[in-house]
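Structure assessment
Spelled out, the chains give:
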Amino acid sequence: MDRRSWGSLAAVTVADACSVADVVALLEASYPPAWAEDWDRVGLVLGEPESPVRRVLCVVDCVPETVSQAVSGGADLIVAHHPLLLRGVSSVAPTTYKGRIVHRLIRAGIALYTAHTNADVANPGVSDALAARLGLLDLRPLRPAVGLAAGEGRGTGRVGRLPAPLTVAELADVAVRALPATTWGVRAAGEPHRRIRTVAVCGGAGDAFLADAASSGADAYLTSDLRHHPASEYVAGGGPALLDAAHWATEQPWLHTLAALLSAHLPVEAVVSDLDTDPWTVHHKEPPP
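Strands belonging to one sheet form pairs held by backbone hydrogen bonds; the direction of such a pair is parallel or antiparallel. The mixed open sheet is built from 5 strands, whose spatial order is 2-6-5-4-13. With one partner strand each, in any of the chains shown, strand 2 (43-46) and strand 13 (269-272) form the two edges of the open sheet. Taken pair by pair, the neighbouring strands of this sheet meet at an average axis angle of 25°, ignoring direction. Two elements, strand 4 (residues 55-59) and strand 13, share 4 bridges in a ladder whose sense is parallel. By the bridge assignment for strand 13, L57 is matched with V271. Strands in contact with helix 1 (residues 20-30) are strand 2, strand 5 (77-80) and strand 6 (111-114); relative to strand 6, the strand with the most contacts, it is inclined by about 5°.

This is the structure:
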């Protein structure tokens, strides 16, 4: 989907609008909540099912900044990847961080929906969009889905081949250019001149899938939130080279897939948020002069 600003959105009449329930039905057909991990919290968080939806903002994080973006753009619904209320709360009072977000959304009449690990395992899902940014071919799941999500190429992460071999350093350069810009950027572990033909990717935190990347036959693994000791041990043990990007940057490409899905099947204007919600805002490679 082409990137568009709120100012370029065409006017949509109430008669053209669908409902929150219509959007939920499409999302749950594409990313069934039953595919989500047991610990996850997905689905409709806020909003009346019968309320009309003309404009949708697709975001990675539902935070004050993206809520402001939705309010100023006249959005009726936010579809977020990360759950706002992942862990149980006893209050959504406006004196709390998440409570203020909830109250502002309700006052603005903006519904909120979350598709998280059910979108991760979907085919196409979050990691397919990440793999596409690198141009990977012949994709297969990094860890195939089990249970209700099993089959049809679904699973966490993807493994694919590069169109042409690259060195670790060249692959890192490709990744930093292909992904949304962040202060974090992309860092790599492994011999810089090692030749890479097969790459595993996982949108979001992929630390738990290091062993899967090593057993997949991949020459390199691109994900986020890698920790020092596991990364060091896998590289030292002959595992794949590692590329660590900002969490937000590895998941934001999927928003374009999501927006295209919504626009193709419903009479809504779906816009991708380019607002960087990665928490890291300063990066110094060496002390300033």
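Tracing the backbone shows L77 in strand 5. The class of L77 is buried, set by a relative accessible area of 1%. Not counting residues within four places of it along the chain, the set of residues in contact with L77 comprises V23, V53, R55, V56, L57, I110, A111, L112 and Y113.

Moving on to the packing of aromatic side chains. Within the structure shown, the criterion is met by 2 aromatic pairs. Measuring from ring centre to ring centre gives 5.7 Å for Y31 and W254, while their planes differ by 75°; the resulting arrangement is edge-to-face. Of this pair, Y31 sits in the loop between helix 1 and strand 2 while W254 sits in helix 10 (residues 253-265), and the two are 223 residues apart along the sequence. The exposure class of Y31 is buried, given its relative accessible area of 3%. Ring centres 6.2 Å apart and planes at 40° place the aromatic pair W184 and W280 in the tilted group. Of this pair, W184 sits in the loop between helix 6 (168-178) and strand 9 (186-189) while W280 sits in the segment after strand 13; the two residues are 96 residues apart in sequence, bridging distant segments of the chain.

Here is what the cut-offs are and how they apply
Residues numbered from 1 in each chain as written. Predicted model: local features only at pLDDT ≥ 70, side-chain atom pairs only at ≥ 80, totals over all residues. Heavy atoms only, no water. Pairing = 2+ DSSP bridges. Helix = DSSP H or I, 4+ residues; strand = E, 2+ residues; numbered from the N terminus. Axes fitted to C-alpha atoms, helices over the stretch in contact; angles between N-to-C directions. Contact = heavy atoms within 4.5 Å. Buried < 20%, exposed > 50% of the residue type's maximum accessible area, 1.4 Å probe, protein only. Phe/Tyr/Trp six-rings, centres within 6.5 Å; stacked < 30°, edge-to-face > 60°.

Functional significance is not addressed by these values, which are geometric in nature.
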